[in-house]
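Chain by chain, the residues run as shown.
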Amino acid sequence: MNNQYIRREVFCGNTCHELKRFWEREIGKQTYYRESEEYRLGRSALRKLREEWRQRLETKLRLRNNPDETEKRANVGQELLASLTQDDTKH
């Protein structure tokens with residue numbers, strides 16, 4: 001075993017333990033703050049709103065780039081509405 005490490009431990013004495021305890025507390029505080037912030041952000045509605053707006057923008061861009069798809073969707077929507085109104089009249 002290297003004598004260098006033994007001398008260091010003896011030299012440090014209580015100071016090493018105090019430094020270790022200090023840094024363990026600091027790390028604990030930082031961990032607590034980070035976890036609290038992650039929890040707060042997880043509960044935030046901002047992420048959900050951003051995702052909804054992103055989906056809306058993607059849909060608008062897709063429809064703008066493919067006008068034929070817009071017409072198909074409109075026709076499908078009209079057919080669906082017509083079939084629903086026919087089902088209502090049968091009942």
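Worth saying up front: this structure is predicted, and the values here are computed from it rather than measured.

**Some remarks on the overall build of the chain**
Then, in step 1: A tally of helices and strands in the chain yields four helices and zero strands.
Then, in step 2: Reading the helices (α) and strands (β) of the chain from amino to carboxyl end gives α-α-α-α.
Then, in step 3: In the chain, which comprises 91 residues, the proportion classed as buried is 1%.
Then, in step 4: Here the chain has roughly 9,100 Å² of accessible surface; of this, 55% comes from carbon and sulfur atoms.

**Overview of the confidence of the model for the chain**
Then, in step 1: On average, the chain scores 78 in pLDDT, and the residues at 70 or more come to 69%.
Then, in step 2: For the chain, per-element mean pLDDT is lowest for helix α1 (residues 3-12), which scores 55, and highest for helix α2 (residues 14-43), which scores 89.

**Topic: the packing of aromatic side chains**
Then, in step 1: This structure, assessed with the given rule, holds two aromatic pairs.
Then, in step 2: Across from the ring centre of W53, 4.9 Å away, lies the NZ or CZ of R56, which sits over that ring.

**Regarding the pattern of salt bridges**
Then, in step 1: The tally for this structure, following the rule as stated, stands at five salt bridges.
Then, in step 2: Of the charged contacts, one joins E38 and R34 as a salt bridge, the two residues approaching to 3.3 Å between their closest N and O atoms. Note that E38 and R34 are positioned in helix α2 at a spacing of four residues, about one turn of the helix.
Then, in step 3: Among the residues examined, R34 registers a relative accessible area of 45% and is labelled partly exposed.

About the thresholds
- Residues numbered from 1 in each chain as written.
- Predicted model: local features only at pLDDT ≥ 70, side-chain atom pairs only at ≥ 80, totals over all residues.
- Heavy atoms only, no water.
- Helix = DSSP H or I, 4+ residues; strand = E, 2+ residues; numbered from the N terminus.
- Buried < 20%, exposed > 50% of the residue type's maximum accessible area, 1.4 Å probe, protein only.
- Areas by Shrake-Rupley, 256 points an atom, 1.4 Å probe, with all protein chains shown as cover.
- pLDDT = per-residue confidence, 0-100.
- Phe/Tyr/Trp six-rings, centres within 6.5 Å; stacked < 30°, edge-to-face > 60°.
- Lys NZ or Arg CZ within 6 Å of the ring centre and 35° of its normal.
- Salt bridge = Lys/Arg side-chain N within 4 Å of Asp/Glu carboxyl O.

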